[in-house]
Amino acid sequence: MQHHRVDFFEDWRDLARRLVSQGVAPHDVHWIDGRADERSGQLDLFADESASKAGTPTPLASEKSDPRITDASNRDGNAPAKLRVPVAFLGIAKTVSHHRSGGRWELLYRLLWRICHGERHLMNIASDPDVLRAIEMEKAVRRDAHKMKAFVRFRKVIDQDGEHFIAWHRPDHYSLRYTCEFFARRFDVMRWTIMTPEESVSWDGTELSFGPGMPRSESPAGDELETLWKTYYANIFNPARIKLKAMQAEMPKKHWATMPETELIDSMLREAPRRVEKMIAQTDAIVTAKAFVPQTDSLDELREAASACQGCELCHSATQTVFGVGPKDASIMLIGEQPGDQEDLRGVPFVGPAGQLLDEVLEAVGLDRRELYVTNAVKHFKFTRSGKRRLHKKPSSREVAACRYWLDAEIQLIRPRQIVCLGATAASVILGPNFRLGEGRGRVVETEEADWTMATYHPSTLLRARDNRDALQAVFESDLRQVADRQRQSAPR
Ligand code: URA
Ligand code: SF4
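Attention here is on the structure that accompanies the text. Please read all numbers here as calculations on a predicted model, not as lab measurements. (Residues numbered from 1 in each chain as written. Chains lettered and ligands numbered in written order. Predicted model: local features only at pLDDT ≥ 70, side-chain atom pairs only at ≥ 80, totals over all residues. Heavy atoms only, no water.)

Take the site of ligand 1 next. Around ligand 1, a shell composed of Gly336, Glu337, Gln338, Pro339, Gly340, Glu343, Pro349, Phe350, Asn376 and His458 is seen. Within the backbone of glutamate 337, an N or O atom sits 2.7 Å from an oxygen atom of ligand 1. Within the backbone of phenylalanine 350, an N or O atom sits 2.9 Å from an oxygen atom of ligand 1. Coverage of ligand 1 by the protein chains reaches 94% of its 240 Å² of free accessible surface. Its residues placed into classes, the shell around ligand 1 shows 3 nonpolar, 5 polar and 2 charged. (Near = heavy atom within 4 Å. Polar contact = N/O pair within 3.5 Å; in protein donor to acceptor, adjacent residues only side chain to side chain. Areas by Shrake-Rupley, 256 points an atom, 1.4 Å probe, with all protein chains shown as cover. Nonpolar A, V, L, I, M, F, W, Y, C, P; charged D, E, K, R; others polar.)

See the structure below:
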């Protein structure tokens, strides 16, 4: 009898490939569910920490979706020389691997074995008990993942890098790894963390990292959420962090008192779950513009639909949606932040003071504004009142994420060759939340959205500048001159 501990699908797949090709029959393998072990707190201190277990966050390994198992080693002559496994089976197996049942690895191996030993079309036989069980498990995971996508509620906290959204959710299965890429795509401009009792995953704008889980405490309430969260976050997600679980497993808690940083760890353990719980309780659903965006190739239809958008709360205070303006075949798209006071009243982007400055500079570099498509990252004006005046307020990353669906739809329809992001907000949408205008301004890169993408200052930055206005404007002008030159040099489409 062989004993194998498996945590994740990829581990199982590689091992199963080897075992089948070595002719190891299902009844000769004892599969140990690594994740159930983790749950019961028997953390193996000597286990290899490489594969994103609780501990130092590790980037998500890129998905190897090798549809075939092609290990040619054939030691006992029993197994086929080349294992060809139906893609459909591997798809189901991958989903089933997220099921909480400890028997899943065994079941999957038995199915694989049978498929490789004469029952090639086994998965089509829905009356087979193994197949039936696998299909049930697959459905359960899908349902659970669906629930997770619908019910995860993010709560905003501010940490040293700005806004961070966190959510706590208790899935029925190990659905976090099943859904995390969905969340990464959906909320790619926000930094967020989803915690489950077993593990957590964080998105920093570029990469998903797994960290330890967060049990939900029994007691509600909690006092100063912000500080506690920071403490918790700093410790859990600091790569050099203390391995909590390993420590817990290694020595009884009473000995902690003699250790450095004990107090912190202790209070972290006590307070953090309460804090997260409170945060979760106060959280609203993240609503986005997605449901309002029609499938269409007409800009007018898109604009019309956007006028009724309620994808975030900004639609309630602003006068109207300010959609992009310009010809559908524009080869340059300018993206600002959000409409200002005058744009809000007139319904057209860049017509206030920032727009006038923009017009001036466009003219200076020889770009005809009527040929450009000009839009904003956020389509509704956000402001605070000060007496009679409405003062611009920076949109939150949540609003930017909500509104992104409109910008994406505009980009899809226009397919600009060049995109110019005016200011940090637009840049964060197209170039990612880690983009820094100070370092990346004026640099031209290829993005998914366009052949040439560049970020430069927002004209409002120049308007606000005091002594260095001329210098900033010269830089802004030279950035846009690059755009104009490229436009002239590049072959027409
Ligand atoms: N600032 C922007 O970012 N967009 C506008 O439309 C006006 C001012
Ligand atoms: Fe919709 Fe964007 Fe306006 Fe929010 S800001 S309501 S997402 S159009």
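Structure shown, so let's carry the discussion forward.
Residues in contact with ligand 2, as listed here, are Ala289, Cys309, Gly311, Cys312, Cys315, Val378, Lys379, His380, Ala402, Cys403 and Trp406. Of the residues forming the shell around ligand 2, the biggest block, 3 residues, is contributed by helix H14 (residues 397-414). Considering only residue class, the shell around ligand 2 consists of 8 nonpolar, 2 polar and 1 charged. (Helix = DSSP H or I, 4+ residues; strand = E, 2+ residues; numbered from the N terminus.)

One pass over the full model with this rule turns up 8 aromatic pairs. An angle of 20° between the planes, with centres 6.4 Å apart, marks the rings of phenylalanine 183 and phenylalanine 187 as stacked. Here phenylalanine 183 falls in the buried class, since its relative accessible area comes to 2%. When the ring of phenylalanine 183 is compared with that of tryptophan 192, the centres are 6.2 Å apart and the planes differ by 70°; the resulting orientation is edge-to-face. Classification of tryptophan 192 as buried rests on a relative accessible area of 0%. Clustering of aromatic rings is evident, with ring pairs tying together Phe182, Phe183, Phe187 and Trp192. The cationic tip of lysine 149 hangs over the ring face of phenylalanine 182; the distance from NZ or CZ to the ring centre is 4.6 Å. Lying over the aromatic face of phenylalanine 383, arginine 390 brings its terminal NZ or CZ to 4.9 Å of the ring centre. (Phe/Tyr/Trp six-rings, centres within 6.5 Å; stacked < 30°, edge-to-face > 60°. Buried < 20%, exposed > 50% of the residue type's maximum accessible area, 1.4 Å probe, protein only. Lys NZ or Arg CZ within 6 Å of the ring centre and 35° of its normal.)

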